[in-house]
Each structure stands twice: as structure tokens, then as C-alpha cells.
Amino acid sequence: MYNIALNISNKNVLIFGAGRIAERKIKTIIDENCKITVISVNATEYIKALATNGKIRLMLRNGSINDVSKKYFIIFAATSNKELNNEICKTADSMNILCDNVSNHNTSNFISSASMKISGISISINTGGVNPSLAKILKGELYNDIMDGKNEFVKHIKYLLDN
Ligand SMILES: C[C@@]1(CC(=O)O)c2cc3[nH]c(cc4nc(cc5[nH]c(cc(n2)[C@H]1CCC(=O)O)[C@@](C)(CC(=O)O)[C@@H]5CCC(=O)O)C(CC(=O)O)=C4CCC(=O)O)c(CCC(=O)O)c3CC(=O)O
Ligand SMILES: NC(=O)C1=CN([C@@H]2O[C@H](COP(=O)(O)OP(=O)(O)OC[C@H]3O[C@@H](n4cnc5c(N)ncnc54)[C@H](O)[C@@H]3O)[C@@H](O)[C@H]2O)C=CC1
């Protein structure tokens, strides 16, 4: 896996599914100034509230590969229907659209990392799809190590940013 940081400002983002995992993905991109469309049979309260407040477009219906379109820069296939997620990602990949299948990294052409931002500096950890839970644990441990005051990391970052 090749690590990059993506500028999705003003890009159209399509998310299939509006459950626990889709909600987690939305929280990682909601402040990126992108245009989010969600297609899902039902949605969590958080996602419904975003739609009510005009922050995202929510279509409460079944999704299909016919929804995959070149107008989207990036897609998350995050339904509980693993077959559908596979089909969505295969279709998106054939159209050169970035797609993350949250239920099977083998059909994804990108994956999300466990990420944190400290004083404007992003740190991301991933295991190449092998052990996402480990990525989450490592992120937590690294965060605690950085913030426990015993090292100069945060002060050093602030110095670099100010000079
Ligand atoms: C490939 C990838 C695709 C993607 O989602 O982008 C993927 C795939 C899968 N995850 C699964 C399980 C879990 N994932 C988590 C957690 C996270 N998963 C994330 C990323 C990724 N997960 C990508 C690879 C990243 C890497 O390689 O390191 C994190 C880091 C970032 C994020 O989600 O934004 C986020 C931590 C957020 C944070 O706190 O920082 C937990 C723990 C938990 O949720 O507490 C569990 C276990 C508990 C549970 O099952 O809930 C399953 C099995 C599903 C099943 O059994 O059906 C699959 C399917 C498969 O293995 O292919
Ligand atoms: N990548 C990750 O970090 C993780 C991924 N998963 C995987 O994520 C997937 C989703 O899990 P959760 O969000 O917990 O499930 P969930 O049950 O909370 O949400 C599933 C969503 O998919 C929607 N949906 C189902 N069929 C649909 C269809 N045909 N068209 C449109 N929307 C449809 C439902 O309406 C619901 O909003 C599962 O396949 C699971 O294997 C699970 C844990 C962690």
C-alpha cells in the first residue's frame, strides 16, 4: 500500500450505507469541505441530523452499482451487504474512481488509516488491511506517548510551525 494525503476539498464523495462504520468514515471527512452524498436503506441519528442541517445529501433507498458515476472522486462502500460492497468497488475501480470497501480490503483501491492531528501535523498508521484493530491500538499508544509531557514532540512541532 502506498501512503498519500488526499485533498478532497470541493470533491464529490459517495458513501453507500449509513450505519456505524459509515458514520465513522463521515466523521473523518466532514471537515474537509467536500460534497458528501449518502445512499442507504436507513441511517443513524447522527447522519440523519447532518442531512437535516444541509451538511450532506442523504438518499434513503437501496444502493446499486448504477449509482457509481464518474462525478464522484472517492467512494466508500460501507453497507452491511458485503456482496454489494464488492460489486461497488469493482465497478468504481474499473472507472478509475477511488473506492474503499470497508468489509473486504482485497477489492479496495485504497484503505483508511487510523489518524490523529496534533498541532496541525497529521500522523496516520495502517496495517495494509491486515489488522485494523492493531492500527487503532497503536494510534492510542502513540498519542499517549506524545502527549504525556515526557518528550518534546509537541513543543518541537510548535517551534517548527512558528519559525
Ligand atoms: C481495510 C480497512 C478498510 C477501511 O475501513 O478503510 C478496514 C477493514 C476492516 N476492519 C475490520 C474490523 C475492525 N476495524 C476496526 C477499526 C478501524 N478500522 C480502520 C481501517 C480499516 N479497516 C482499513 C484497514 C486499516 C489498516 O490496515 O490498518 C480504522 C483504522 C480507520 C477507520 O475506520 O477510519 C479504524 C480505527 C479507527 C480509529 O480509532 O482510529 C476495528 C476496531 C474498532 O472498530 O474498534 C475492527 C474490529 C472490531 C469490529 O469488527 O468492529 C474488518 C472486519 C469486519 C467484519 O468482521 O465484518 C474489516 C474488513 C477487512 O478486513 O477487509
Ligand atoms: N472497516 C471497518 O473498520 C469495519 C468494517 N466492518 C464492516 O462494515 C460493514 C458495515 O458495518 P456497520 O456499519 O456496523 O453495519 P450497520 O448495520 O450499522 O449499517 C449498515 C448500513 O448499510 C445499509 N444498507 C444495507 N443494505 C443496503 C443496500 N442494499 N443499499 C444501501 N444501503 C444498504 C443499512 O441501511 C445500514 O445503514 C459490514 O459489512 C462490516 O463487515 C465492520 C467493522 C469494522
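Residues numbered from 1 in each chain as written. Chains lettered and ligands numbered in written order. Predicted model: local features only at pLDDT ≥ 70, side-chain atom pairs only at ≥ 80, totals over all residues. Heavy atoms only, no water.

**Quick word on the pairing of strand E1 (residues 12-16)**
- With four of five residues buried, E1 is to be regarded as a mostly interior element.
- When E1 meets strand E2 (residues 35-40), the two strands line up parallel, connected through five bridges. Opposite Asn12, over in E2, you have Lys35 as the bridge partner.
- Of the strand pairs in this sheet, E1 and strand E4 (residues 74-77) are connected by four bridges, and their pairing is parallel. The partner of Ile15 across the bridge, within E4, is Phe76. (Buried < 20%, exposed > 50% of the residue type's maximum accessible area, 1.4 Å probe, protein only. Helix = DSSP H or I, 4+ residues; strand = E, 2+ residues; numbered from the N terminus. Pairing = 2+ DSSP bridges.)

**Thoughts on the pattern of salt bridges**
- In total, this model carries four salt bridges according to the counting rule given.
- Here Glu45 ties to Lys48 by a salt bridge, and the two come within 3.4 Å at their closest N and O atoms. Of the two residues, Glu45 and Lys48 both sit in helix H2 (residues 45-52), three residues apart, roughly one turn of that helix.
- Accessibility expressed as a relative area gives 61% for Glu45, which makes it exposed.
- On the accessibility criterion, Lys48 (34% relative accessible area) is partly exposed.
- One salt bridge in this structure joins Arg61 and Asp67, with 2.8 Å as the shortest N-O distance. (Salt bridge = Lys/Arg side-chain N within 4 Å of Asp/Glu carboxyl O.)

**As for the domain arrangement of the chain**
- Here the domain parsing of the chain yields domain 1 (12-107) and domain 2 (114-162).
- Look at where the C-alpha atoms of domain 1 and domain 2 centre, and you get two points 27 Å apart. (Domains from an automatic or database assignment.)

**Description of the site of ligand 2**
- Every one of the 20 residues lining ligand 2 counts as a neighbour, but Ile21, Arg24, Asn42, Asn62 and Gly63 are closest to it.
- Here an oxygen atom of ligand 2 sits 3.0 Å away from a polar atom, N or O, in the side chain of Ser40.
- Here an oxygen atom of ligand 2 and a backbone polar atom of Asn42 are 2.9 Å apart.
- With the chains in place, 74% of the 870 Å² that ligand 2 exposes on its own is no longer accessible.
- Spatially, ligand 2 is embedded in the second largest pocket.
- For the shell around ligand 2, the elements supplying multiple residues, two or more each, are helix H1 (20-29), E2 and helix H3 (82-94).
- Broken down by element, the shell around ligand 2 gets its largest block of residues, three residues, from H1. (Near = heavy atom within 4 Å. Polar contact = N/O pair within 3.5 Å; in protein donor to acceptor, adjacent residues only side chain to side chain. Areas by Shrake-Rupley, 256 points an atom, 1.4 Å probe, with all protein chains shown as cover. 1 Å grid on protein atoms, 1.4 Å probe; cavity = no way out; pocket = protein on both sides within 12 Å on 5 of 7 lines; lining within 4 Å. Sits in = over half its atoms within 2 Å of the grid points.)

**Overview of a nonpolar patch on the surface**
- Together, Tyr2, Ile4 and Leu6 line one region of the surface with nonpolar side chains, adding up to about 380 Å² of accessible area.
- Structurally, Ile4 is set in the segment before E1. (Patch = residues over 30% accessible without salt bridge, like charges linked within 9 Å, V, L, I, M, F, W, Y side chains within 5 Å.)

**Quick notes on the packing of H1 against H2**
- Running from N to C, H1 and H2 point in directions that differ by 50°, and their axes come no closer than 9 Å. Taken together, the axes of H1 and H2 are oblique relative to one another. Along its contact with H1, which presents Ala22, Glu23, Ile26 and Lys27, the element H2 presents Tyr46, Ile47 and Leu50.
- The residue makeup of the contact of H1 with H2, split by class, is five nonpolar, no polar and two charged. (Axes fitted to C-alpha atoms, helices over the stretch in contact; angles between N-to-C directions. Parallel < 35°, antiparallel > 145°, perpendicular 65-115°, else oblique. Contact = heavy atoms within 4.5 Å. Nonpolar A, V, L, I, M, F, W, Y, C, P; charged D, E, K, R; others polar.)

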